[in-house]
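Inside the fold
Each chain is listed here by its residues.
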Amino acid sequence: MGSETIEGLFLDMNMVKEDQSFMGSSSSGRKSPFTEVKSYRFGFSRNLIKFPARTLNVIELGTNIFTVMNKLRLLQISYTHLNGAYNDFPKNLRWLYWRGFPLKSMPNDVPLESLAVLDMRNSCLERLWDGGRVLLLVKFLNLSHSRSLVRTPDFSGLPMLEKLVLKECVNLVEALFERGLISLFLPGSKVPNWYCHKNVGEAISFTVPALPDLKIQGLTVCSVYTIDWKVWTEGIQFYLIIHNEQKNVKLIYSPTCYGLPEAHKEMLWFSHWKFRSQLDTGDTLNVTVLTMTGFNIKEIGIHIMHGEQVDMISDSNSQEMQRDYPYQGTIPAERQGPVDLYCFGHMGIGLNFILPYIP
């Protein structure tokens, strides 16, 4: 069975370098100039691909090894540098796992148009790629533990994305962590397609649906905004308000800092809220982004998090704190009739001033 029949391939150069048992030997005891690396084909058959041992010593391979692998759909590479042009790189990959990717960005000539899964954990990436790319089929993107990453891609080019993992991306400059809340500010003009509740403008209302066998553990609010630079002044804030009618609670959050889009451009604000028992099936939520002069909210969307999805986000709150003060370890700051108001982030001009404007 030749290389042209392979549909799945695994290459781990750390394993090869550390385990001398991979080094081939001839029957005469002399070391062979080739090393055998096992690759696995869907359908549980197995092939052996041979690469020069001297190449493995420096953990580098040429892209020409993929020349005849026209049926390759799954590729797993660990701590490997590929030399050469990417014209020979598999063009029909559905799943690419490249742990320890060594470059600062993915070359733009790497064909990724058929991908559904892109896993680049533990990479040296500073940005995923230069400029914008449109990948219509990608549903899962993992950039976790990429400690040099300072910028995420424009998610408007990933319209089918369902799951994003950014765990331990400690230098991601658009990320804001405060009081158990996580915000991301990214360039983009549309709420992602996987958000099940969306509305034009600054407000949305919906009832939390019942999902069998899945426990609600949080939600992410995405809003698309622009800034009118003619009237905007430094220090102006905006406020996210989540009103749970059944729980008589309003959560008010104003980020300590926020992203500034370029003139005539939009920006996305993702705000993640992690709950335990504070959000139930049947609860009616009214979500509003209250803006001051200079901001314009174009669209808002809600994505409800369930079970393991929430595990992507580190939990900075102890269980004891959650029992005493259920909303991110905070006591109510004010009451609005029967409704408790919980405040997070930077209240700026003060809660009393904005209270009349809170719906």
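Secondary structure summary: the protein contains 4 helices and 23 strands in total. Burial status across the protein gives 49% buried among its 359 residues. Put simply, of all contacts in the protein between residues at least 6 apart along the chain, 58% involve residues at least 24 apart. On the protein, roughly 17400 Å² of surface is accessible, and the fraction owed to carbon and sulfur atoms is 52%.

Turning to the pattern of salt bridges, a few remarks are in order. Two side chains of opposite charge can pair, provided their charged atoms sit close to one another. Here the structure, examined in full by the defined rule, presents 8 salt bridges. The closest approach of N and O atoms between Glu113 and Arg133, which form a salt bridge, is 3.0 Å. Of the two residues, Glu113 sits in the loop between β8 (95-99) and β9 (117-119) while Arg133 sits in the loop between β9 and β10 (140-142), which places them 20 residues apart along the sequence. Residue Glu113 is classed as partly exposed on the basis of its relative accessible area of 45%. Residue Arg133 is classed as buried on the basis of its relative accessible area, which comes to 10%.

Okay, a nonpolar patch on the surface next. A contiguous nonpolar surface patch, about 280 Å² in accessible area, is contributed by Val134, Leu136 and Leu137. For Leu137, the position within the fold is in the loop between β9 and β10.

Turning our eyes to something else, we now look at the sheet that holds strand β22 (residues 334-336). Remark on secondary structure: sheet strands pair via backbone hydrogen bonds, oriented parallel or antiparallel. Spatial ordering of the open sheet is given by β15-β20-β17-β18-β23-β22, a layout of 6 strands whose pairing is mixed. Strands at the two margins of the open sheet, each flanked by one partner only, are β15 (203-207) and β22. Within this sheet the neighbouring strands show an average axis-to-axis angle of 20°, counted without direction. Here strand β17 (residues 238-244) runs beside strand β20 (residues 284-291); their pairing, made up of 7 bridges, is antiparallel. Across the sheet, Ile241 pairs through a bridge with Thr288, a residue of β20.

Right, let's talk about the packing of aromatic side chains for a bit. With the rule as written, the count across this model stands at 17 aromatic pairs. Where Tyr86 meets Phe89, the ring centres are 5.6 Å apart and the plane angle is 65°; that geometry is what we call edge-to-face. For the pair formed by Tyr86 and Phe89, the shared burial category is buried. When the ring of Tyr253 is compared with that of Trp269, the centres are 6.0 Å apart and the planes differ by 45°; the resulting orientation is tilted. Here Tyr253 is found in strand β18 (residues 249-254), whereas its partner Trp269 is found in strand β19 (residues 267-274), with 16 residues between them in sequence. You can call Tyr253 buried: its relative accessible area is 0%. A relative accessible area of 2% means that Trp269 is categorised as buried. The structure contains a cluster of three or more aromatic residues connected by ring pairs, namely Phe185, Tyr225, Phe238, Tyr253, Tyr258, Trp269, Trp273, Phe295 and Phe344. Looking at Arg133, its charged tip hangs above the ring of Trp129, at a distance of 5.7 Å from the centre.

Let us now look at the pairing of β19. Residues in a regular strand point their side chains to alternate faces of the sheet. Burial within β19 is extensive, with 8 of its 8 residues counted as buried. Here β19 shows a buried face lined by Met267, Trp269, Ser271 and Trp273 and a second buried face lined by Leu268, Phe270, His272 and Lys274. Two strands pair when backbone bridges link them, and strand β13 (residues 181-187) and β19 are joined in this way by 6 bridges, in the antiparallel orientation. Directly across from Ile182, in β19, lies its bridge partner His272. For strand β16 (residues 216-227) and β19, the ladder comprises 8 bridges, and the chain directions are antiparallel. By the bridge assignment, Cys222 is partnered in β19 with Phe270.

Our next topic: the pairing of strand β21 (residues 295-306). Counting buried positions along β21 gives 10 out of 12 residues, so the element sits mostly inside the fold. In this sheet, β21 lies alongside strand β14 (residues 197-200) in antiparallel orientation, the contact comprising 4 bridges. Within β21, the residue paired with Lys198 across the bridge is Gly301. Pairing of β16 with β21, which is carried by 11 bridges, proceeds in the antiparallel orientation. Residue pairing for β21: Val224 is matched across the bridge by Glu299.

Parameters and conventions
Residues numbered from 1 in each chain as written. Predicted model: local features only at pLDDT ≥ 70, side-chain atom pairs only at ≥ 80, totals over all residues. Heavy atoms only, no water. Helix = DSSP H or I, 4+ residues; strand = E, 2+ residues; numbered from the N terminus. Buried < 20%, exposed > 50% of the residue type's maximum accessible area, 1.4 Å probe, protein only. Contact = heavy atoms within 4.5 Å. Areas by Shrake-Rupley, 256 points an atom, 1.4 Å probe, with all protein chains shown as cover. Salt bridge = Lys/Arg side-chain N within 4 Å of Asp/Glu carboxyl O. Patch = residues over 30% accessible without salt bridge, like charges linked within 9 Å, V, L, I, M, F, W, Y side chains within 5 Å. Pairing = 2+ DSSP bridges. Axes fitted to C-alpha atoms, helices over the stretch in contact; angles between N-to-C directions. Phe/Tyr/Trp six-rings, centres within 6.5 Å; stacked < 30°, edge-to-face > 60°. Lys NZ or Arg CZ within 6 Å of the ring centre and 35° of its normal.

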